Protein chains: 4
Amino acid sequence: MAEREALYTRRIFYYETDNMGIVHHSNYIRIMEEARMDYMRSLGYEYTEMEAKGIIMPVTSVSAKYITPLRFDDTIHVRTRLTAFNGVRASFSYTIYREGDEKPCATGESGHCFLDTDTRVPVNLKRKYPEFYERAVKIQEKE
Amino acid sequence: MAEREALYTRRIFYYETDNMGIVHHSNYIRIMEEARMDYMRSLGYEYTEMEAKGIIMPVTSVSAKYITPLRFDDTIHVRTRLTAFNGVRASFSYTIYREGDEKPCATGESGHCFLDTDTRVPVNLKRKYPEFYERAVKIQEKE
Amino acid sequence: MAEREALYTRRIFYYETDNMGIVHHSNYIRIMEEARMDYMRSLGYEYTEMEAKGIIMPVTSVSAKYITPLRFDDTIHVRTRLTAFNGVRASFSYTIYREGDEKPCATGESGHCFLDTDTRVPVNLKRKYPEFYERAVKIQEKE
Amino acid sequence: MAEREALYTRRIFYYETDNMGIVHHSNYIRIMEEARMDYMRSLGYEYTEMEAKGIIMPVTSVSAKYITPLRFDDTIHVRTRLTAFNGVRASFSYTIYREGDEKPCATGESGHCFLDTDTRVPVNLKRKYPEFYERAVKIQEKE
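Residues numbered from 1 in each chain as written. Chains lettered and ligands numbered in written order. Predicted model: local features only at pLDDT ≥ 70, side-chain atom pairs only at ≥ 80, totals over all residues.

1. Some points on the interface of chain D and chain C
Inference 1: Contacts between chain D and chain C engage 15 residues on the former and 15 residues on the latter.
Inference 2: Mapped onto the side of chain D that touches chain C, the elements with two or more residues apiece are helix H1 (25-42) and strand E3 (59-66) of chain D.
Inference 3: Among the elements that take part in the side of chain D that touches chain C, E3(D) stands out by supplying 8 residues, more than any other.
Inference 4: Class assignment for the residues of the side of chain D that touches chain C results in 8 nonpolar, 5 polar and 2 charged.
Inference 5: Judged from the 5 bridges that link them, strand E3 (residues 59-66) of chain C and E3(D) form a sheet pairing that is antiparallel. Among the inter-strand pairings, C:Lys65 is bridged to a residue of E3(D), identified as D:Ser61. (Contact = placed C-beta atoms within 7 Å. Helix = DSSP H or I, 4+ residues; strand = E, 2+ residues; numbered from the N terminus. Nonpolar A, V, L, I, M, F, W, Y, C, P; charged D, E, K, R; others polar. Pairing = 2+ DSSP bridges.)

As structure tokens, this is what we get:
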């Protein structure tokens, strides 16, 4: 459980707000990325290490549902989970909470593939990055 | 047909790219917003007029699928459609093409509600903004 | 000293990088804002309180010098100082360090005025927000 | 004259606004980049060609003065000039006008150097990109 879930916390920046006085919806997609990187770090696999091995993990799909708006200076907590992983593709889910609230203010999902940095051809982490593969399969299977 | 579809065109900015050398996935969500505003304008209803009437149209959901990456200076064309509208909620879909390509490089959808700017309570455009309502229903129905 | 200087620390996000593989120069301006808000908070005056009093503090000028580039996942420390304040205008300076480096990787400055949120007319904090005024004058004078 | 000055025009996007209801100051820095790229294009030298030759032109300094705020949907015109160029460094200045206004709403400047993309070592365009050098010197000298 501790392995599968991680809480990423920070405050909302002023430049993330828009003319409606709330956080612009595109910034939740960025916050999800921050939380994903933090989650990978908490598993012991920094994304920088993956790129150092010549592998990139681009986003193939993304979605978000906005429930209650966030405002400047709100403190948020993001719960990230690896919901699917097979060495070729990965999916993450995100639940964003505003500090003090019980219900999430937003939820989201992202899909990813793994590519060779130079050729941009898909790679299978089972062969190209087995340490990461083993760990990710285990985390994902436990669900 | 002319009413329901609009092409929004611009070049990709340098600051929209990321460390992978491609447009960051969050920026497609912003491009979809640009295209939506442009689409509303092409229908004769600027979003600024809606806000001037004390109505905001926040995003309640968003999704995107990334097919082929965009790079700096690419020219893109976005086709926007109003896929659902009932005066209380609206949905738009987006197809993004890179100039010269036949197949889309990305697709997306967004869901919206209509709120009173001051109270943030949902409003029905049928009563609050009938000119817009009539037009939007007609456009959406024709599909 | 402790009052006049504050260190704001965070990691660089992936979406802050660009096609050159470094943090896009516009994002330093945003990081300076984050550091300024954090600095005000450390002085006991949250920017949200200022806006709750009907005062906004827009930016009237900004400048930055880029010395060595920042990359994804770098940890940065920002030292912020209030370099001038007279109740009507304020200036801040920023020095950004990459963790592990002795020399700064960037420096910057920002100028601000204080406006009534509704009328957008300049206000003097000496009258409109004396608690903040007294504190800020003291911090600035000590330099 | 026609060579030295170029007008870059576009509308303000919704996501460029902030909680104050105006364009966030960091976005002017991005708009200046858009105008600079457009200016280079108007001179017949696309920035993509420069990068294709293995040269990048990072920003070494930036500054902006904010005179009157911009809002969503405003149309802006940016006048860009190459104010200094010696093959090793270049400086640009920008004047941003809101459509309908006589006086500028903001001004700015940016400084740049030229680096080899791979080694990140400074290069002199006089040797590495003579076509561009000749053209730029001429434009800058005429001032």
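2. Here's the deal with the interface of chain A and chain B
Inference 1: In this complex, chain A contributes 15 residues to the contact, which on the side of chain B involves 15 residues.
Inference 2: Take the side of chain A that touches chain B: its biggest share by element is 8 residues, from strand E3 (residues 59-66) of chain A.
Inference 3: Looking at the side of chain A that touches chain B residue by residue, the class counts come to 8 nonpolar, 5 polar and 2 charged.

3. Structural notes on the relation of the copies chain D and chain C
The operation linking the two copies of the chain is a rotation about an axis combined with a translation along the axis.
Inference 1: Once chain D is rotated about the relating axis by 180 degrees and shifted along it by 0.0 Å, it coincides with chain C to within an RMSD of 0.0 Å. The transformation just described matches what one would write down for a two-fold rotation axis. Closest approach to the rotation axis among the C-alpha atoms of chain D is made by D:Ser63, whose C-alpha sits 2.0 Å away. (Least-squares fit on C-alpha atoms with pLDDT ≥ 70 in both.)

4. Regarding the pairing of strand E5 (residues 89-98) of chain D
Residue and element names in this part refer to chain D.
Inference 1: The side-chain alternation of E5 yields one buried face, formed by Ala 90, Phe 92, Tyr 94, Ile 96 and Arg 98, and one unburied face, formed by Arg 89, Ser 91, Ser 93, Thr 95 and Tyr 97.
Inference 2: When strand E4 (residues 75-85) meets E5, the two strands line up antiparallel, connected through 9 bridges. Paired with Ile 76 across the two strands is Arg 98, which belongs to E5.
Inference 3: Examined bridge by bridge, E5 and strand E6 (residues 106-113) share 8 bridges and lie antiparallel to one another. Looking at E6, one finds that Ile 96 is bridged to Ala 106. (Buried ≥ 20, exposed ≤ 12 C-beta atoms within 10 Å, placed from the backbone.)

5. Re the environment of C:Glu34
Inference 1: Relative to the helices and strands, C:Glu34 is located in helix H1 (residues 25-42).
Inference 2: With residues near it in sequence (within four places) discarded, C:Glu34 still touches A:Phe13 and C:Tyr8.

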